[in-house]
Amino acid sequence: MTNLFKYLSILIILAGLLAATPAAARQPLPQADNFAPAACMFEVPFVSFMKPEQMGFECGYVTVPLRHENPAGPTIQLPVAILRARGDSPRPDPLFLAQGGPGGDAFSVFALTAVNSPLLAERDIVIFNQRGTLYAKPSLVCTETFDELDTALALPRDQADKAGMQAYSRCHRRLLDEGVDLSAFNSLENAADVDAIRRALGYEVINFYGVSYGTLLGLHLLRDFPNSVRTVILDSVVPTQINYITEVPQVTERIFDKMLTTCAVDAACAGQYPNLDAEFGVLVEQLNRQPVTIPVTDPDTGASVNVYVDGKTFMDMLFQAFYLPDMYAIFPRLISDMAAGRYDFWQTMWPIIIFDRTFSEGMFYSVICAEDSDFSQADVSLAGIRPAIADYALNDVQEVLDVCRLWGVRQLPAAVDEPVVSSVPTLVLAGEFDPITPPAFARAAADTLSHSYLIVDPTSSHGVAFNDNCLDGVLQDFLNNPGQPPNAVCVEQHQPTGFVPKNALVVPLLSGLNALDGPTLVQTGVAGLLLALVLSAWLVWPLVLLVNWLRKAPAAPHGRWLGRAGKGVMLLFGALAVVFVSGLAFFALSSIESTPMLLLSALSARSAPLFVIPYLLALLAAAGLLLALLVWARRVWSVWGRLYFTLVAVCAVAYVAMLAVTGMMSVLL
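Residues numbered from 1 in each chain as written. Predicted model: local features only at pLDDT ≥ 70, side-chain atom pairs only at ≥ 80, totals over all residues. Heavy atoms only, no water.

Peer 1: How should I be thinking about the overall build of the protein chain in this particular structure?
Peer 2: Helices and strands together make up the secondary structure of the protein chain, namely 25 helices and 13 strands. Against the 2.2 N^0.38 benchmark of 26 Å for 669 residues, the protein chain shows a C-alpha radius of gyration of 29 Å, consistent with a compact globule. With respect to the three principal axes, the spread of C-alpha positions in the protein chain is 95 × 65 × 55 Å. Residue burial in the protein chain is summarised as follows: out of 669 residues, 53% are buried. By sequence separation, contacts in the protein chain at least 24 residues apart represent 79% of the contacts at least 6 residues apart. Split by element, the accessible area of the protein chain, about 28100 Å² in all, is 59% carbon and sulfur. Distance between charge centroids for the protein chain: 15 Å, based on 40 positive and 61 negative side chains. (Helix = DSSP H or I, 4+ residues; strand = E, 2+ residues; numbered from the N terminus. Rg over C-alpha atoms; globule rule 2.2 N^0.38 Å. Buried < 20%, exposed > 50% of the residue type's maximum accessible area, 1.4 Å probe, protein only. Contact = heavy atoms within 4.5 Å. Areas by Shrake-Rupley, 256 points an atom, 1.4 Å probe, with all protein chains shown as cover. Lys, Arg positive; Asp, Glu negative; His and termini not counted. Charge placed at Lys NZ, Arg CZ, Asp CG, Glu CD.)

So this is what it looks like as structure tokens:
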């Protein structure tokens, strides 16, 4: 679901919050010595003007041993947020939500989803951040990687990698100086934390949902604390028995091949994008020979930053974008746009990825290096891999080895790599277009889970659950009836949507709204105010005409044609502007039904005639300004009448200027 769609959904979400009735006579959370209530430490994305407490969150910190084998030793604190079930008869087993990474911030991912989830009708939902992540005490977020990010982004790949290693080295040194025991931040301690949170909050058993690395955490939880979990949902699975890092070249080849093949076997796509595979290869080679610079805006600081893009960087940009939904439908157009020097999509979406200051790299490497760094490049298979992909993927694999050599954490015992055997009811979810945890990973995990149900969504990417009502229903069915397969007919009926055509129109304004860009939102608001002032003429002039008629005031013959022409021009301007705004809203809302179009900030080619209107508005605004000069020169109307007409004309000119600033006059160019 794209940001614009989320933004448009806020009103619905808030209406649901206001309409929700609190559960009757709910018992307070059981208090334990190791749970300390506290003000919520996070903001809910897209509705930051509301405090989490106003949305029903109860927050605090759970204190756990740094090493669970030594309960009397040093401790750390983990942030948690609880949403109490809204129904009158809540079930006693909550749903715990675990983010991936490792190192991701669960609150930024799940808070808004949880508030409006139908699952909240029956169960408490508990969101927690894992040890070492944002808001945990201590946090292993490497702020050093942010300090010189702007500079590193403008460097060639090899220099940027060197700058990155230097930042990791500074982060590692700082964490050690602060007395952080990096070897204590691993999956086994992490799983024990989940059970400790369960006990601290007074729950007998829990339902556990994990996505990405959260699935690996869930598997460790199944193995080490089977009596604490009623059900487990594994979404986009990282199996214990597969080292996903050594599989990076293979899964990268798979997703690029799948993106290319999906277009090739679709008649409409193949017709519009013939030879896409060859065009893709040529583009990567061209970028390696002649890199380009793409200016982007840091969403946190508003600063403009230049990103150096060669073939490897472009491959990385695409791979990261594949995590988004429906990218298979956008991929051909992205290749076409990039080859033509059009970067609208990247200027909107890439900053959201590269300027993520919530991710904990220190947690990531502490976990990965302890569990999955026991390999060498000789263990990485490059069989059947395109040379460009092999080069790109090996670079990422080598970076892990280099940082792990620096990080120096102790390896976990070999037993952690054994398949997890369990009879706990487990729902296993996979997306056919997942770039990093393909369906084969989910099948490998499900093979040794005797009470598991595997569902592969034919259109999903990374993170299958919570994307639509269909998946919400599947989760609800499973949680309520874990002893039988959930009804997943709706998932099986998912079909790839149409590809974004070559003639789709990219609208810069939608790019800004899609990214919830502050300046774009301000510009849109100003344009709305200017248009409202212009449209006031439709009320003011008829009202003046009515008053004069009631007073039987004689019409001034001097300049009658000039006055009528001026009013006619401005009224026509307002009418055309309304047509333009209404048409834009219609096509934008139509695009919401086609997520690929909206994600690309594009509208159907059928909207092309709409974008002729801004040019007509420019002509009318210029005419209005000229007529304003004439009515003053010839003293048409009263002074107040002339002042009002001039105000309307100036607002019309300013409105056209706002259309130009927001890119509305360049859509057809």
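Alright, that's what it looks like, and here's the rest.
Peer 1: Help me understand the nonpolar core, please; the structure alone is not making it clear to me.
Peer 2: Soluble globular proteins: nonpolar side chains tend toward being buried together. Residues Phe96, Phe208, Phe314, Leu318 and Trp407 are the most contacted members of the largest nonpolar core, which totals 131 residues. With 11 residues, the single largest contributor to this core is helix 15 (residues 387-407). Residues Leu509, Phe587, Val636 and Val667 belong to the second largest nonpolar core, which totals 45 residues. (Core = buried A, V, L, I, M, F, W, Y, C linked by side-chain atoms within 4.5 Å.)

Peer 1: It is not clear to me how the pairing of strand 10 (residues 426-431) should be interpreted in this structure. Could you clarify?
Peer 2: Two faces make up the sheet, and in a regular strand the side chains alternate between them. Burial analysis of strand 10 places 6 of its 6 residues in the buried class, which makes it a mostly covered element. Residues Thr426, Val428 and Ala430 line one face of strand 10 and the alternating positions Leu427, Leu429 and Gly431 line the opposite face, and both faces are buried. Two elements, strand 7 (residues 229-237) and strand 10, share 4 bridges in a ladder whose sense is parallel. Residue Val232 lies in a different strand from strand 10, and its bridge partner there is Thr426. Pairing of strand 10 with strand 11 (residues 452-457), which is carried by 6 bridges, proceeds in the parallel orientation. (Pairing = 2+ DSSP bridges.)

Peer 1: Looking at this structure, how should I read the environment of Thr151?
Peer 2: With respect to the helices, strands and loops of the structure, Thr151 is situated in helix 4 (residues 149-153). A sequence separation of 12 residues divides Thr151 from Ala163, and the C-alpha atoms of the two residues are 9.2 Å apart.

Peer 1: Would you mind going over the pattern of salt bridges with me for this structure?
Peer 2: When the charged atoms of two side chains with opposite charge come close together, those side chains can pair. Taken as a whole, this structure holds 25 salt bridges when the rule is applied. With a closest N to O distance of 3.1 Å, Asp181 and Arg67 form a salt bridge. Here Asp181, found in the loop between helix 5 (157-177) and helix 6 (187-200), pairs with Arg67, found in the loop between strand 2 (57-65) and strand 3 (75-83); they are 114 residues apart in sequence, far enough to count as distant. In this structure, Asp337 and Arg333 form a salt bridge, with 2.7 Å as the shortest nitrogen-oxygen distance. Taken together, the positions of Asp337 and Arg333, both in helix 12 (residues 327-339) and 4 residues apart, correspond to about one turn of that helix. Assessed through its relative accessible area of 4%, Arg333 is described here as buried. One connected set of salt bridges, linked through shared partners, spans Glu253, Asp257, Asp277 and Arg386. (Salt bridge = Lys/Arg side-chain N within 4 Å of Asp/Glu carboxyl O.)

Peer 1: What exactly am I supposed to notice about the side chain of Arg157 here?
Peer 2: Turning to its location among the elements, Arg157 is positioned in helix 5. The exposure class of Arg157 is buried, given its relative accessible area of 13%. Apart from the residues within four sequence positions on either side, Arg157 is in contact with Tyr308, Asp310, Lys312, Thr313, Asp316, Asn395 and Asp396.

Peer 1: Any chance you could explain the sheet that holds strand 2 here in plain terms?
Peer 2: Two orientations exist for strands paired in a sheet by backbone hydrogen bonds: parallel and antiparallel. Read from one edge to the other, the open sheet built from 9 strands follows the order 1-2-3-5-4-6-7-10-11, with strand pairing classed as mixed. Among the strands making up the open sheet, the edge pair consists of strand 1 (35-37) and strand 11. For this sheet, the mean inter-axis angle between neighbouring strands, taken without regard to orientation, is 20°. Sitting on the sheet, helix 2 (residues 106-115) touches strand 2, strand 3, strand 4 (95-98), strand 5 (125-128) and strand 6 (206-212), and the angle it makes with strand 5 is about 165°. (Axes fitted to C-alpha atoms, helices over the stretch in contact; angles between N-to-C directions.)

Peer 1: Even after reading the chapter, I still don't get the state of the cysteines, so can you show me in this structure?
Peer 2: Covalent bonding between the sulfur atoms of two cysteines is what defines a disulfide. All told, the structure shown has 5 disulfides when counted by the stated rule. Residue Cys470 pairs covalently with Cys490 via a disulfide, S to S 2.1 Å. Residues Cys470 and Cys490 share a disulfide whose torsion about the S-S bond is about 85°; that sign makes it right-handed. Taken together, the residues span a long stretch of sequence, with Cys470 in helix 17 (residues 469-480) and Cys490 in helix 18 (residues 489-492) at a distance of 20 residues. Looking at Cys490, the relative accessible area reads 27%, which means it is partly exposed. Here the protein chain pairs its bonded cysteines, counted in sequence order, in the arrangement 1-2, 3-4, 5-6, 7-8, 9-10. (Disulfide = S-S within 2.5 Å.)

Peer 1: Even after reading the chapter, I still don't get the packing of helix 11 (residues 311-321) against helix 15, so can you show me in this structure?
Peer 2: Two packed helices can be described by the angle between their axes and the distance between those axes. Two numbers describe how helix 11 lies on helix 15: the axes approach to 10 Å, and their chain directions differ by 80°. Taken together, the axes of helix 11 and helix 15 are roughly perpendicular relative to one another. When helix 11 is examined against helix 15, the residues Lys312, Met315, Asp316 and Phe319 are found in contact with a partner set consisting of Ala388, Ile389, Asp391, Tyr392, Asn395 and Asp396. Tallied by class, the residues present in the contact of helix 11 with helix 15 amount to 5 nonpolar, 1 polar and 4 charged. (Parallel < 35°, antiparallel > 145°, perpendicular 65-115°, else oblique. Nonpolar A, V, L, I, M, F, W, Y, C, P; charged D, E, K, R; others polar.)

Peer 1: Explanation requested: a nonpolar patch on the surface in the structure shown.
Peer 2: A contiguous nonpolar surface patch, about 590 Å² in accessible area, is contributed by Val612, Tyr615, Leu616, Leu619, Leu668 and Leu669. Looking at where Leu619 falls in the secondary structure, it is placed in helix 24 (residues 613-633). (Patch = residues over 30% accessible without salt bridge, like charges linked within 9 Å, V, L, I, M, F, W, Y side chains within 5 Å.)

Peer 1: Looking at this model, I keep getting lost on the environment of Leu479. Mind explaining?
Peer 2: As for its placement among the helices and strands, Leu479 is situated in helix 17. It is 69 Å that separates the C-alpha atoms of Leu479 and Leu627, two residues lying 148 residues apart in sequence. Non-local contacts of Leu479, meaning those with residues more than four positions away in its chain, are made with Leu119, Arg123, Asn207, Arg230, Thr231 and Ile233.

Peer 1: Mind showing me how you'd approach the side chain of Thr231 here?
Peer 2: Among the secondary structure elements, Thr231 is positioned in strand 7. Polar side-chain contacts of Thr231 include one of 2.6 Å to the side chain of Asn207. When near neighbours in sequence (up to four residues on either side) are disregarded, Thr231 contacts Ile206, Asn207, Phe208, Val424, Pro425, Phe478, Leu479 and Pro482. (Polar contact = N/O pair within 3.5 Å; in protein donor to acceptor, adjacent residues only side chain to side chain.)

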